[in-house]
Amino acid sequence: MLFNWDLGNMQHVLDDYPERFNTKEEVESIFNDPYFMIKAGKIVDDEQRFTGIGYGLQETLKVVIFVIREQKIRPISCWQAKSKIQKEYNENRKTNYGN
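Source: prediction; values computed, not measured.

Let us now look at the sheet that holds strand β3 (residues 61-69). Strand order in the open sheet formed by four strands is β1-β2-β3-β4, and the pairing between neighbours is antiparallel. Here the strands that pair on one side only, and so sit at the sheet edges, are β1 (37-44) and β4 (72-80). Averaged over all pairs of adjacent strands, the angle between strand axes in this sheet comes to 30°, irrespective of strand direction. Where β1 meets strand β2 (residues 47-55), six bridges bridge the pair, whose relative direction is antiparallel. By the bridge assignment, lysine 39 is partnered in β2 with threonine 51.

Attention now goes to the pairing of β2. From the end of β1 to the start of β2, which pair antiparallel, there are two residues, and aspartate 45 there has a positive phi angle of about 50°. Where β2 meets β3, six bridges bridge the pair, whose relative direction is antiparallel. Residue pairing across strands places tyrosine 55 opposite leucine 61, the latter belonging to β3. With antiparallel pairing between neighbouring strands as the criterion, β2 and β3 make up a hairpin whose turn holds five residues, including glutamate 59 at a positive phi of roughly 55°.

This brings us to the nonpolar core. By size, the foremost hydrophobic cluster in this structure holds 12 residues: Phe3, Trp5, Val13, Leu14, Val27, Ile30, Phe31, Phe36, Val64, Phe66, Ile73 and Cys78. At the level of elements, α1 (7-15), α2 (24-30), β3 and β4 are the ones that each hand at least two residues to this core. Among residues more than four places away in sequence, those in contact with phenylalanine 3 are Glu28, Phe31, Lys72, Ile73 and Pro75. Val63, Ile65, Ile76 and Ala81 belong to the second-largest nonpolar core, a separate cluster that totals 10 residues.

Let us look at unusual backbone geometry. The phi dihedral of aspartate 45 falls on the positive side, at around 50°, and the residue is not glycine. Relative to the helices and strands, aspartate 45 resides in the loop between β1 and β2. When its relative accessible area of 75% is taken as the criterion, aspartate 45 is described as exposed. In this structure, glutamine 71 is a non-glycine residue whose phi angle is positive, near 60°. Note on placement: glutamine 71 falls in the loop between β3 and β4.

Reading the values: rules and limits
Residues numbered from 1 in each chain as written. Predicted model: local features only at pLDDT ≥ 70, side-chain atom pairs only at ≥ 80, totals over all residues. Heavy atoms only, no water. Pairing = 2+ DSSP bridges. Helix = DSSP H or I, 4+ residues; strand = E, 2+ residues; numbered from the N terminus. Axes fitted to C-alpha atoms, helices over the stretch in contact; angles between N-to-C directions. Core = buried A, V, L, I, M, F, W, Y, C linked by side-chain atoms within 4.5 Å. Buried < 20%, exposed > 50% of the residue type's maximum accessible area, 1.4 Å probe, protein only. Contact = heavy atoms within 4.5 Å.

Below, the structure is given as structure tokens:
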């Protein structure tokens, strides 16, 4: 997978919220979760946003908002999943993967 990082999204995703403990490696690793969930989100400025949910290197369930730009994944935001999202992820995993 290819990712699109620049000063804008690095600042927002990695630096603006230090309490989220995001690193490029952590955010990118979420997409490698074998049970990674993707949902279509809002369209902003004619660009489809997506919500991804998965576990990264820190073994914490996270939500990542992203777009596909020039065939690359461009993270927009990332945070630890709250209980409602954790439940949705676990139900999806059980329903679709049996574990």
